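Chain by chain, the residues run as shown.
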Amino acid sequence: MSIAQNLLKIKSTLPENVTLVAVSKTKPIPDLMEAYDAGQRIFGENKIQEMAEKWEAMPKDIEWHMIGHVQTNKVKFMGPFVNLIHGVDSSKLLAEINKQAKKNNRIIDCLLQIHIAEEETKFGLDEMELNEILTSKAFEEMKNIRIVGLMGMATFTDNQNQIKKEFTHLKLIFDKLKPLNTNNCQLNTISMGMSGDYKLAIECGSTMVRIGSSIFGGR
Ligand SMILES: *Cc1c(COP(=O)(O)O)cnc(C)c1O
């Protein structure tokens, strides 16, 4: 099947409240354009340099999401255009995003990444660190960012029960925090689910899925 066919097929199965991020990392611009021409307007990349190059080359009505781990010293390269940063996992990084957003006269939406997997290698905050950030004075003063939700990645395993447990855990944290409604924190998004586990993620409450290989083919 073509990229356009893959995309439309997946889109037709998603509930209305679930947003599709087409993860185009490592893929060439003609591949992205095929998805664009089929109607896709949200693309996810995991390297800032690559995302910036694609942003420059492609139509300007695209929303660019940074889904990878972000190094503080590279935030400036996406400050002018990034629409959502999924993997925010420290107050230091938040402070830098706030600084770059201010420089560009923007408010940048962010998701806080929560560590839900068993693997140590995956990035993310635990619940205590999350609460520390959200209740800190420093955070309150960051006027150029908005936390709009949480992001998580499940363990890489075939064990559906374990994945389900991890997604459910993220949903639970989200539900607990949702009432917290401040100027720069209004939670409405749970980013969880990739090609292999997005159906399960949606069953567990995901509102944003990040799908790459099932649309663009293997990498
Ligand atoms: C690559 C990537 C995806 C997409 O993975 P697929 O298995 O190709 O769908 C989703 N989220 C993150 C954070 C990624 O790095």
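Note that the coordinates shown come from a computational prediction; the quantities given were computed from them, not determined experimentally.

## Some words on the overall build of the chain
Line of reasoning, step 1. On a plain count of helices and strands, the chain comes out with 9 helices and 8 strands.
Line of reasoning, step 2. Its C-alpha radius of gyration of 17 Å places the chain within 12% of the 17 Å reference for a compact globule of 219 residues.
Line of reasoning, step 3. For the chain, the spread of C-alpha atoms along the three principal axes comes to 50 × 40 × 30 Å.
Line of reasoning, step 4. Across the 219 residues of the chain, 52% fall into the buried class.
Line of reasoning, step 5. In the chain, once contacts between residues fewer than 6 apart in sequence are set aside, the share between residues at least 24 apart is 59%.
Line of reasoning, step 6. In the structure as shown, the chain presents an accessible area of about 10,800 Å², 51% of it carried by carbon and sulfur atoms.
Line of reasoning, step 7. If the 27 positive side-chain charges of the chain are averaged to one point and the 27 negative ones to another, these points end up 3 Å apart.

## Comments concerning the UniProt feature "domain: Alanine racemase N-terminal" (unreviewed entry) in the chain
Line of reasoning, step 1. As recorded in UniProt, the sites labelled "domain: Alanine racemase N-terminal" (unreviewed entry) are residues 3-218.
Line of reasoning, step 2. With 38% helix and 20% strand, the stretch residues 3-218 has end C-alpha atoms that lie 12 Å from each other.

## Observations concerning helix α1 (residues 3-13)
Line of reasoning, step 1. Every buried residue of α1 is accounted for by Ile3, Ala4, Asn6, Leu7 and Ile10. Axial view of α1: buried residues confined to an arc of 160 degrees, hence all on one face. When the buried face of α1 is taken as reference, the exposed residues oriented beyond 90 degrees from it are Lys9 and Ser12.
Line of reasoning, step 2. Contacts made by the buried residues of α1 are with β1 (19-23), α2 (29-37), α8 (198-203), β8 (208-211) and α9 (213-216).

## Topic: the environment of Lys122
Line of reasoning, step 1. Mapped onto the elements of the fold, Lys122 is located in the loop between β5 (108-114) and α5 (127-134).
Line of reasoning, step 2. Spatially, the C-alpha atom of Lys122 lies 7.7 Å from that of Met153, the residues being 31 residues apart in sequence.
Line of reasoning, step 3. In this structure Lys122 touches His115, Ala117, Met153, Ala154, Thr155 and Phe156, once residues within four positions along its chain are discounted.

## A word on the layout of surface pockets
Line of reasoning, step 1. Within this model, the largest pocket holds a volume of roughly 400 Å³.
Line of reasoning, step 2. In terms of lining, the largest pocket is formed by 19 residues, of which the most central are Lys25, Asn46, Ile67, Met153 and Met194.

## A word on the UniProt feature "modified residue: N6-(pyridoxal phosphate)lysine" (unreviewed entry) in the chain
Line of reasoning, step 1. Mapped onto this numbering, the UniProt entry gives "modified residue: N6-(pyridoxal phosphate)lysine" (unreviewed entry) at Lys25.
Line of reasoning, step 2. We classify Lys25 as buried; its relative accessible area is 19%.

## Describing the pattern of salt bridges
Line of reasoning, step 1. Throughout the structure, instances matching the rule amount to 6 salt bridges.
Line of reasoning, step 2. For Arg146, the salt bridge is made with Asp109, and the minimal N-O distance between the two is 3.0 Å. Residue Arg146 is located in strand β6 (residues 145-152), and its partner Asp109 is located in strand β5; the two are separated by 37 residues in the primary sequence.
Line of reasoning, step 3. Arg146 sits in the partly exposed class, given a relative accessible area of 28%.
Line of reasoning, step 4. What emerges from the salt-bridge pattern is a single network uniting Glu45, Glu50 and Lys54.

## Some points on the packing of aromatic side chains
Each aromatic ring pair is summarised here by two numbers: the centre-to-centre distance and the angle between the ring planes.
Line of reasoning, step 1. Inspection of every chain in the model, using the stated rule, returns 2 aromatic pairs.
Line of reasoning, step 2. Measuring from ring centre to ring centre gives 5.8 Å for Phe43 and Trp64, while their planes differ by 35 degrees; the resulting arrangement is tilted. Placement of Phe43 in strand β2 (residues 42-45) and of Trp64 in strand β3 (residues 63-66) is noted, with a sequence separation of 21 residues between them. You'll find Phe43 and Trp64 in the same group, each marked buried.
Line of reasoning, step 3. A ring pair is formed by Trp55 and Phe81, whose centres lie 4.2 Å apart and whose planes are at 5 degrees; its orientation type is stacked. Residue Trp55 is located in helix α3 (residues 48-57), and its partner Phe81 is located in the loop between β3 and β4 (84-88); the two are separated by 26 residues in the primary sequence.
Line of reasoning, step 4. The ring centre of Tyr36 lies 3.6 Å from the NZ or CZ of Arg41, which sits over that ring.
Line of reasoning, step 5. Sitting over the face of the ring of Trp55, Lys60 holds its NZ or CZ atom 5.6 Å from the ring centroid.

The rules behind each value
- Residues numbered from 1 in each chain as written.
- Predicted model: local features only at pLDDT ≥ 70, side-chain atom pairs only at ≥ 80, totals over all residues.
- Heavy atoms only, no water.
- Helix = DSSP H or I, 4+ residues; strand = E, 2+ residues; numbered from the N terminus.
- Rg over C-alpha atoms; globule rule 2.2 N^0.38 Å.
- Buried < 20%, exposed > 50% of the residue type's maximum accessible area, 1.4 Å probe, protein only.
- Contact = heavy atoms within 4.5 Å.
- Areas by Shrake-Rupley, 256 points an atom, 1.4 Å probe, with all protein chains shown as cover.
- Lys, Arg positive; Asp, Glu negative; His and termini not counted.
- Charge placed at Lys NZ, Arg CZ, Asp CG, Glu CD.
- UniProt positions renumbered as here; feature names shortened; annotations may be inferred.
- Arc of directions from axis to C-beta.
- 1 Å grid on protein atoms, 1.4 Å probe; cavity = no way out; pocket = protein on both sides within 12 Å on 5 of 7 lines; lining within 4 Å.
- Points joined across faces, edges and corners; volume = space filled by probe spheres on them.
- Salt bridge = Lys/Arg side-chain N within 4 Å of Asp/Glu carboxyl O.
- Phe/Tyr/Trp six-rings, centres within 6.5 Å; stacked < 30°, edge-to-face > 60°.
- Lys NZ or Arg CZ within 6 Å of the ring centre and 35° of its normal.

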